[in-house]
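Chain and residue survey
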Amino acid sequence: MINEISEFSDKIDRLLNALRIKFIFEIIVILIIGTLLFKLIDLLDAKLKDRLREKNNSPLTRFVPILSNIFKGIIVFFLLASFLQSHGYSMSSLIAGFGITGLAVGFAAQKTIANVFGTFGILSDHSYQIGDYISVNGFEGNVEEINMRSTKIRALDNSLIILPNDVVSGTVIKNVTNGEKRRIFETFGVTYDTSDEKLKRAITILEEILNANNDVRDDYIVYLETLSSSSIDIKVSAYTKTNNYNKYLKIKEQVLLEAIRRFREEGIEFAFPSTTVYMAKDEN
């Protein structure tokens, strides 16, 4: 009797060992298949990107990584499902379970789903890409990353701004990089005691400065805008030939410095906020 029990125990041990070996072998096979399929997707991803880049950097290039991740997720699902089915789990029950779970998760993850659709909206509209300088929802800076959930913007003070894509896609986006030029829009206020000749000369000086600057477009305009409370205002509206923000600032600086120098040379005085008080003289 004892020998029979011992033999039965040995059979159970051998069976368990065989099951463990089979279980480990199945996991290894699944990992190998998954790795090979992932590498195949990465290879197709790289080739598809190269093909799209040859077509003048098609906007579809940015959809390729998203599609790759979706296919990888499908592969993981089917490998897991096939493994569970081989161990006695019903595939139909598994899919039904995923459907019910997906419905529950869908209600709980509405924000995440909205961000995913926001990402597709941003990419399909070609609103911006990595490296662009944009202004959105009161924030502005260079785009550092666009992922399935958010857009990361590096502001001018070097802080990192993370905006959910559903917020970005639902608001006005100003893409500064896509513009071919930047605007110089400045007011030069001169004093009220400036003579008529000097007023005309001030306008001429500003036109000469803009005309001489090779980085400023020819479609500029200089005009006498208004009579403000403490100055006669001359307005300059001009566009630079670059949309690079740092270069734009230096061009604007050159225009302002030259205007200040020329105005001082010709004795044209800049106005500053001031108030003149007139007091009535008491005749008594």
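The coordinates are above.
Report on the accompanying structure. (Residues numbered from 1 in each chain as written. Predicted model: local features only at pLDDT ≥ 70, side-chain atom pairs only at ≥ 80, totals over all residues. Heavy atoms only, no water.)

Section: the overall build of the protein chain
On a plain count of helices and strands, the protein chain comes out with 7 helices and 8 strands. Of all intrachain contacts in the protein chain linking residues separated by at least 6 positions in sequence, the fraction that spans at least 24 positions is 62%. (Helix = DSSP H or I, 4+ residues; strand = E, 2+ residues; numbered from the N terminus. Contact = heavy atoms within 4.5 Å.)

Quick look at the environment of V167
Mapped onto the secondary structure, V167 falls in helix α5 (residues 165-169). For V167, a relative accessible area of 29% gives the class partly exposed. Spatially, the C-alpha atom of V167 lies 7.8 Å from that of G118, the residues being 49 residues apart in sequence. (Buried < 20%, exposed > 50% of the residue type's maximum accessible area, 1.4 Å probe, protein only.)

What about the side chain of T191?
Structurally, T191 is set in the loop between β6 (183-190) and α6 (196-212). You can call T191 buried: its relative accessible area is 15%. Beyond its immediate stretch of four places on either side in the chain, T191 contacts I232, E269, F270 and A271.

Notes on the environment of I41
Assignment of secondary structure puts I41 in helix α1 (residues 2-54). Distance from I41 to S68, taken between C-alpha atoms, is 6.5 Å for residues 27 residues apart in sequence.

Quick word on a nonpolar patch on the surface
A cluster of nonpolar residues, I33, L37, L40, L43 and L44, forms a patch on the protein surface that exposes about 420 Å² of accessible area. If you trace the backbone, L43 turns up in helix α1. On the basis of relative accessible area, L43 is assigned to the partly exposed category, the value being 46%. (Patch = residues over 30% accessible without salt bridge, like charges linked within 9 Å, V, L, I, M, F, W, Y side chains within 5 Å. Areas by Shrake-Rupley, 256 points an atom, 1.4 Å probe, with all protein chains shown as cover. Salt bridge = Lys/Arg side-chain N within 4 Å of Asp/Glu carboxyl O.)

Digging into the sheet that holds strand β5 (residues 173-175)
Sheet architecture is open: 5 strands sit in the order β4-β3-β2-β1-β5, paired in antiparallel fashion. Whereas interior strands pair on both sides, the edge strands pair on one side only; in this sheet they are β4 (160-164) and β5. Adjacent strand axes in the sheet meet at a mean angle of 40 degrees when their direction is disregarded. Two strands pair when backbone bridges link them, and strand β1 (residues 133-136) and strand β2 (residues 139-146) are joined in this way by 4 bridges, in the antiparallel orientation. Paired with V136 across the strands is F139, a residue of β2. (Pairing = 2+ DSSP bridges. Axes fitted to C-alpha atoms, helices over the stretch in contact; angles between N-to-C directions.)

Thoughts on α6
Between its first and last C-alpha atoms α6 spans 25 Å; for 17 residues at 1.5 Å apiece the expected length is 24 Å, and the two agree. Those residues of α6 lying buried are L199, A202, I203, I205, L206, I209 and L210. The buried residues of α6 all sit within an arc of 155 degrees when viewed along its axis, so they share a single face. Structural note: α6 exposes D196, E197, K200, N211 and A212 on the side pointing more than 90 degrees away from its buried face. (Expected span 1.5 Å × (residues − 1). Arc of directions from axis to C-beta.)

Overview of the pattern of salt bridges
Considering all chains together, one arrives at 11 salt bridges under this definition. The shortest N-O distance in the salt bridge between D219 and K181 comes to 3.8 Å. Taken together, the residues D219 in the loop between α6 and β7 (221-227) and K181 in the loop between β5 and β6 connect sequence positions 38 residues apart. On the accessibility criterion, K181 (34% relative accessible area) is partly exposed. Between R261 and E258 there is a salt bridge, with its nearest N and O atoms 2.6 Å apart.

Focus: the packing of aromatic side chains
A complete count under the given rule lists 2 aromatic pairs for this structure. With centroids separated by 5.1 Å and ring planes inclined at 15 degrees, the aromatic side chains of F263 and F270 adopt a geometry described as stacked. For F270, a relative accessible area of 31% corresponds to the partly exposed category. Grouping aromatic residues by their ring pairs yields a cluster made of F188, F263 and F270. One Lys or Arg, R182, reaches over the ring of Y133 and ends 5.7 Å from the middle of that ring. (Phe/Tyr/Trp six-rings, centres within 6.5 Å; stacked < 30°, edge-to-face > 60°. Lys NZ or Arg CZ within 6 Å of the ring centre and 35° of its normal.)

A word on helix α7 (residues 245-265)
For α7, built from 21 residues, the straight-helix expectation of 30 Å at 1.5 Å per residue is met to within 8% by its first-to-last C-alpha distance of 30 Å. Among all positions of α7, only Y248, I251, V255, A259, R262 and F263 are buried. For α7, the arc enclosing every buried residue in end-on projection is 100 degrees, short of the 170-degree limit, so these residues lie on one face. Set apart from the buried face of α7 by more than 90 degrees, the exposed residues are N246, L257, R264 and E265.

Purely geometric numbers; function is a separate question.
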